[in-house]
Amino acid sequence: MAFPLKKPVILPLSEERRRFQRVKVNLIGRYMLSDRREYPCQVADMSPGGMALMAPVPGKVSERVIAYVDHVGRLEGVIARLLENGFAMTIAATARKRDKLAAQLTWLANRHILGLPEDRRHGRIAPRSPAGRLILANGVNLACRVIDISQSGTAIATDQRPELGSPITIGKTPGRVVRHLEDGIAIEFTRLQHPDFLEDGVTGG
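Quick caveat, the model's predicted, so the values are computed rather than measured. Within every chain, residues take consecutive numbers counted from 1 along the sequence as written. Residues qualify for local features only when their pLDDT is at least 70, as the model is predicted, and side-chain atom pairs are given and counted only at 80 or more; totals for whole chains, interfaces and linings, by contrast, use all residues. The side-chain figures draw on all heavy atoms in the structure; neither hydrogens nor water molecules are used.

**Some details on the pattern of salt bridges**
Here is the rule we go by: Should a side-chain nitrogen of Lys or Arg be within 4 Å of a carboxyl oxygen of Asp or Glu, the pair is scored as a salt bridge. Relative accessibility under 20% of the residue-type maximum defines a buried residue, over 50% an exposed one, and the middle range a partly exposed one, all with a 1.4 Å probe and only protein chains included. Strands here mean DSSP runs of E at least two residues long; helices mean DSSP runs of H or I at least four residues long; both are numbered from the N terminus.
Under the defined criterion, the tally for this structure stands at six salt bridges. Note that Arg 74 and Glu 76 form a salt bridge whose closest N and O atoms lie 2.8 Å from each other. Given a relative accessible area of 40%, Arg 74 falls into the partly exposed group. In this structure, Glu 188 and Arg 176 form a salt bridge, with 3.1 Å as the shortest nitrogen-oxygen distance. Residue Glu 188 is located in strand β12 (residues 184-189), and its partner Arg 176 is located in strand β11 (residues 173-181); the two are separated by twelve residues in the primary sequence. Judged by relative accessible area, Glu 188 falls into the partly exposed class, the value being 24%. Among the charged side chains, a salt-bridge network with shared partners connects Arg 64, Arg 74 and Glu 76.

If you want it as structure tokens, here you go:
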């Protein structure tokens, strides 16, 4: 006997707020609107029923959205309201998917409390000489301060805010912007760097 498949449930945002506690996160992702074009985004907060995205193209209220978010995976729903720098969307999910998402969010929230590294696969060091040069995608070359470096990426103090996912070069090392920080940006290198030559490639010494 065949059983009908359960359809994902999309809750109104007001109900979603009552049922689920939102967790402040800082996750990179991509999203696709109904025109099927993809854009980079940054998730500011999330619950099993919805999330707020910092996004370059906001879309329209009630428009369908599919998002791919680091640590979480594929999520879909509709735009519930527009924000100053993005939008809030509901998340359509089965009860099982919501339970899994709730567990992921609990881990994301607790890793800050427990002092766990935030998506850092390699140990970071503070450079001896923090002065660096940042080359943007349009070729503009700017002075910056290197906060820390690892084999896979670096954090840079700068007043620049390149689009998430955009190509960028720090020193002689190419990478892409993966996060906006309070005082700068985080860059993921295109290739894993040799630990003995980290500072040479990023700060020149």
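**What to know about the layout of surface pockets**
Note the cut-off: Buriedness for pockets is judged along seven lines, at least five of which must meet protein on both sides within 12 Å for an open set on the 1 Å grid over protein atoms alone, while cavities are sets there where a 1.4 Å probe fits but cannot get out, and lining residues have an atom within 4 Å of a point. Grid points are joined across faces, edges and corners, and a volume is the space filled by probe spheres set on the points. Polar here means any residue other than Ala, Val, Leu, Ile, Met, Phe, Trp, Tyr, Cys and Pro, which are nonpolar, and Asp, Glu, Lys and Arg, which are charged; Gly is therefore polar.
Approximately 160 Å³ is the volume found for the second largest pocket. Pro 40, Cys 41, Gln 42, Met 54, Ala 55, Pro 56, Asn 85, Glu 163, Leu 164 and His 180 are the residues that line the second largest pocket. A per-element tally of the lining of the second largest pocket places strand β2 (residues 38-47) first, with three residues. Its residues assigned to classes, the lining of the second largest pocket comprises six nonpolar, three polar and one charged.

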